[in-house]
Amino acid sequence: MSDRIEITLEEGETKGRYVTVVDGHEAEMTYSRLGGTTIIIDHTGVPDALRGLGVGQALVQRGVEDARAKGLKIVPLCPFAKAQINRHPEWQDVLND
């Protein structure tokens with residue numbers, strides 16, 4: 001399902017969020033900027049109606065892909081995002097060690 005999830009990036013000066021609406025339910029992953037080279041993923045919210053559909057994983061994956069494309073590092077303070085990145089060795093190149 002994650003290939004069919006349309007994710008939008010809403011970006012401000014110091015914060016941003018990835019958001020998707022699936023079957024009328026909104027899910028999001030929020031982040032804050034730390035300087036010009038790092039983002040801190042601080043929250044992933046997926047409504048119960050969307051759990052188990054890969055929506056949260058798709059949000060984290062998009063954040064990882066965007067960070068990689070922009071040369072940014074990620075600090076995953078959100079437990080869900082941290083767990084997803086830990087489960088995917090191919091995403092760990094964007095971690096801020």
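Asker: Honestly, the pairing of strand S4 (residues 38-45) in this entry has me stumped. Any pointers?
Answerer: Working note: regular strand, side chains alternate between the two faces of the sheet. Counting buried positions over the eight residues of S4 gives six, a clear majority of the element. As paired elements, strand S3 (residues 25-34) and S4 share seven bridges and run antiparallel to each other. Note that in S4 the partner of Tyr 31 across the bridge is Ile 41. Two successive antiparallel strands, S3 and S4, enclose a turn made up of three residues, where Gly 35 displays a positive phi of approximately 65°. Bridge count for S4 against strand S5 (residues 73-76) is four bridges, and the pairing is parallel. Within S5, the position partnered with Ile 41 by the bridge is Pro 76. In this region the chain leaves S4, passes through helix H1 (residues 55-70) and returns to the parallel neighbour S5; the handedness of that crossover is right-handed.

Asker: Got a minute to help me understand the layout of surface pockets in this structure?
Answerer: Empty space left among the atoms is revealed by rolling a probe the size of a water molecule over them. Of the voids in this model, the largest pocket is the one considered here, and its volume is about 190 Å³. Contributing to the lining of the largest pocket are Thr 44, Val 46, Leu 50, Arg 51, Gly 52, Leu 53, Gly 54, Val 55, Gly 56, Gln 57, Phe 80 and Gln 84. Element by element, the count of residues in the lining of the largest pocket is highest for H1, at three residues.

Asker: How should helix H2 (residues 79-87) be read in this particular structure?
Answerer: At 3.6 residues per turn, the α-helix brings residues three or four places apart onto the same side. Restricting attention to buried positions, one finds in H2 the residues Ala 81, Gln 84 and Ile 85. Down the axis of H2, the sector holding all buried residues measures 95°, keeping them to one side. Exposed side of H2, more than 90 degrees from the buried face: Pro 79 and Arg 87 are the residues found there. Against S4, H1 and S5 lie the buried residues of H2.

Each value, and the rule that gives it
- Along each chain, residue indices are assigned from 1 in the same order as the chain's sequence is written.
- It should be noted that, the model being predicted, local features are given only for residues of pLDDT at least 70 and side-chain atom pairs only at 80 or more, the latter also being counted only at that level, while totals for whole chains, interfaces and linings use all residues.
- For the side-chain quantities, the full set of heavy atoms in the structure was used; hydrogens and water were omitted.
- Partly exposed residues are those whose accessible area sits between 20% and 50% of the maximum for their type, while under 20% is buried and over 50% is exposed, using a 1.4 Å probe and protein chains only.
- Strands here mean DSSP runs of E at least two residues long; helices mean DSSP runs of H or I at least four residues long; both are numbered from the N terminus.
- Paired strands, in this sense, are two strands between which DSSP finds at least two bridges.
- Look down the strands so they point away from you; if going from the first strand over the helix to the second traces a clockwise path, that crossover is right-handed.
- Using protein atoms alone on a 1 Å grid, points that fit a 1.4 Å probe yet trap it form a cavity, whereas open point sets bounded by protein on both sides within 12 Å along at least five of seven lines form a pocket; residues with an atom within 4 Å of a point count as lining.
- Grid points are joined across faces, edges and corners, and a volume is the space filled by probe spheres set on the points.
- This arc is built from the directions going out from the helix axis to the C-beta atoms.
- In what follows, residue pairs with any heavy atoms lying within 4.5 Å of each other are defined as contacts.

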